[in-house]
Structures are given as structure tokens and as C-alpha cells.
Amino acid sequence: MNFQCSMMIAGVIYLMFFPMHSVESSRIDFTNIKCTSVNKEFSDFEYCFLKATNRTYKYLSLKVRLYKLPIHQFTVNLGLHKRSNGLMPFSQNVTFDGCKMVADVGNPVLLFLFALFKPYSNINHSCPYTHDIIVDKLPTHFVNQQFTRYVPFPEGDYVFNSNWITNGKNRATVRVHFSFT
Ligand SMILES: *[C@@H]1O[C@H](CO)[C@@H](O)[C@H](O)[C@H]1NC(C)=O
Ligand SMILES: *[C@@H]1O[C@H](CO)[C@@H](O)[C@H](O)[C@H]1NC(C)=O
Ligand SMILES: *[C@@H]1O[C@H](CO)[C@@H](O)[C@H](O)[C@H]1NC(C)=O
């Protein structure tokens, strides 16, 4: 029996004994969230929290009230930083047109980012926006499903930082800490 064949059999045996493994163990875990309104005349957070109801169900919710409606244009600046253990420094910082995120089907990075939360948010249509913004009970297992389509992704602790900008002014920041194991 060659090596590949024995690995396959080992895999089948594993799945027989631990059939729920891939469903039950979420590989992404939100560890912290912080929302900050930079300009409270423009917007403010009504709530912003993580909640775990049990071992397998943890979600993220937030609501930002917008006081200067409608919004015809916004820019999003995203940063993804791996908390360094000295081995694999990793950092991304991208800026894009938020109205295009919801409309542009051509950009795979934007599509990927948008897909992480779209079904759980009312940021799900093209500009203008005439209402407050919510992310309603975005579960870790959903984010995990989207994420693991794009493996390999290095394990570790990450900080996802976002700045929400209109008319060149940063209005709000949302920072999510998560681990990927
Ligand atoms: C965890 O909570 C969710 C939502 O309340 C529920 O649907 C699920 O069955 C619970 N899972 C376990 C293992 O208790
Ligand atoms: C991206 O880099 C700029 C310039 O260093 C910094 O001001 C900004 O906060 C970074 N954005 C994120 C989301 O970390
Ligand atoms: C956007 O989300 C809202 C609230 O969840 C929902 O009522 C609406 O049908 C969604 N619209 C689209 C175009 O998916």
C-alpha cells in the first residue's frame, strides 16, 4: 500500500469516528470588537458587540446611526494585520470605493470581502444609502465557510481594521480581532 493510499484510508477512518469535525469546529474565532465613532455629528454606534450563546454559536452585531443622509459616496480603508510571532509578518492595507464594493462584480478582492458579511447586513444594495447600517448576528461559522474556500490562509491571531470615510474624512473605525486555527 503506498503512502497516498494509507493517508486516504486514515482520512476515511477519521471521518467515520469524527463525522462532525468539519461542521462543529469553526476555524475562525472572533476574539474582540471595537467600534469608534470619529465624528459623532456624522454617525454614532448604537451597539457593537460579540456574543457567544454556546460553544458553537458566536456572532457579531453592530448598528451605526447615520445623521447625514443620504450617502452617495463612501470610501473604505481596510487593514488586515497578523499579530506577529516573529515568523510570518503579514499586513495588508487597501482602500476602495464603498459604492463599488456593492456594485462591482469584477473585483475578486471586493467580492470576497463583501461575501464575508453581505447576507447579515443591510449594506446589500447600491448607493445611495438612506438608512442606518446594521450587521445583524453575523456568525463565526458563516465567516468561516466563506474564508475556508480560499485556503491556504496562515494560522494565527489577526486584527482586521476598517476606516469608513466620506468626503475625505474618517467617520468611523471598526476593529475586529480574530484567530484562525
Ligand atoms: C447553540 O445555539 C444556537 C442558537 O441559539 C442553537 O441553534 C444551537 O442548537 C446551539 N448549539 C448547541 C450545541 O447547543
Ligand atoms: C492604512 O495605512 C495608513 C497609513 O499608514 C494608516 O493611517 C491607516 O490607519 C491604515 N488603515 C488601516 C485600516 O489599518
Ligand atoms: C438587504 O437587507 C435587508 C435587511 O436584511 C433586506 O430586507 C433586503 O431585502 C435586502 N436587500 C437585498 C437587495 O438583498
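- Per an unreviewed UniProt entry, the recorded name for the protein is GM17130, and the organism is Drosophila sechellia.

Brief notes about the site of ligand 3
And then number 1: Lining the immediate environment of ligand 3, one finds S121, N122 and N124.
And then number 2: Within the contact set of ligand 3, an oxygen atom lies 2.2 Å away from a side-chain nitrogen or oxygen of N124.
And then number 3: For ligand 3, whose unbound accessible area comes to 360 Å², protein coverage reaches 30%.

Section: the sheet that holds strand β6 (residues 133–139)
Two modes of strand pairing occur in sheets, parallel and antiparallel, and in both the strands are linked by backbone hydrogen bonds.
And then number 1: Spatial ordering of the open sheet is given by β2-β3-β6, a layout of three strands whose pairing is antiparallel. Edge positions in the sheet fall to β2 (43–54) and β6, since each of these pairs with one other strand and no more. Taken over all neighbouring pairs, the strand axes of this sheet differ in orientation by 5 degrees on average, direction set aside.
And then number 2: Across 10 bridges, the pairing between β2 and strand β3 (residues 57–66) is antiparallel. Along β3, the bridge assignment pairs K51 with Y59.
And then number 3: Against the sheet, helix α5 (residues 140–148) makes contact with β3 and β6, and its axis sits at roughly 85 degrees relative to β6, the strand it touches most.

Some details on unusual backbone geometry
And then number 1: With an omega of 0 degrees, the peptide bond running from L69 to P70 counts as cis.
And then number 2: When you line up the elements, P70 lands in the loop between β3 and β4 (75–82).
And then number 3: C127 connects to P128 through a cis peptide bond whose omega is 5 degrees.
And then number 4: You can see P128 is positioned in the loop between α4 (108–115) and β6.
And then number 5: In the Ramachandran plot, K137 falls in the positive-phi region, its phi being about 50 degrees despite a non-glycine side chain.
And then number 6: With respect to the helices and strands, K137 occurs in strand β6.
And then number 7: What makes K137 partly exposed here is its relative accessible area of 40%.
And then number 8: A positive phi angle, near 45 degrees, is found at N167, a position not held by glycine.
And then number 9: Here N167 is to be found in the loop between β7 (156–166) and β8 (169–180).
And then number 10: Exposure remark for N167: the relative accessible area of 64% places this residue in the exposed category.

Each value, and the rule that gives it
Residues numbered from 1 in each chain as written. Chains lettered and ligands numbered in written order. Predicted model: local features only at pLDDT ≥ 70, side-chain atom pairs only at ≥ 80, totals over all residues. Heavy atoms only, no water. Near = heavy atom within 4 Å. Polar contact = N/O pair within 3.5 Å; in protein donor to acceptor, adjacent residues only side chain to side chain. Areas by Shrake-Rupley, 256 points an atom, 1.4 Å probe, with all protein chains shown as cover. Pairing = 2+ DSSP bridges. Helix = DSSP H or I, 4+ residues; strand = E, 2+ residues; numbered from the N terminus. Axes fitted to C-alpha atoms, helices over the stretch in contact; angles between N-to-C directions. Contact = heavy atoms within 4.5 Å. Buried < 20%, exposed > 50% of the residue type's maximum accessible area, 1.4 Å probe, protein only.

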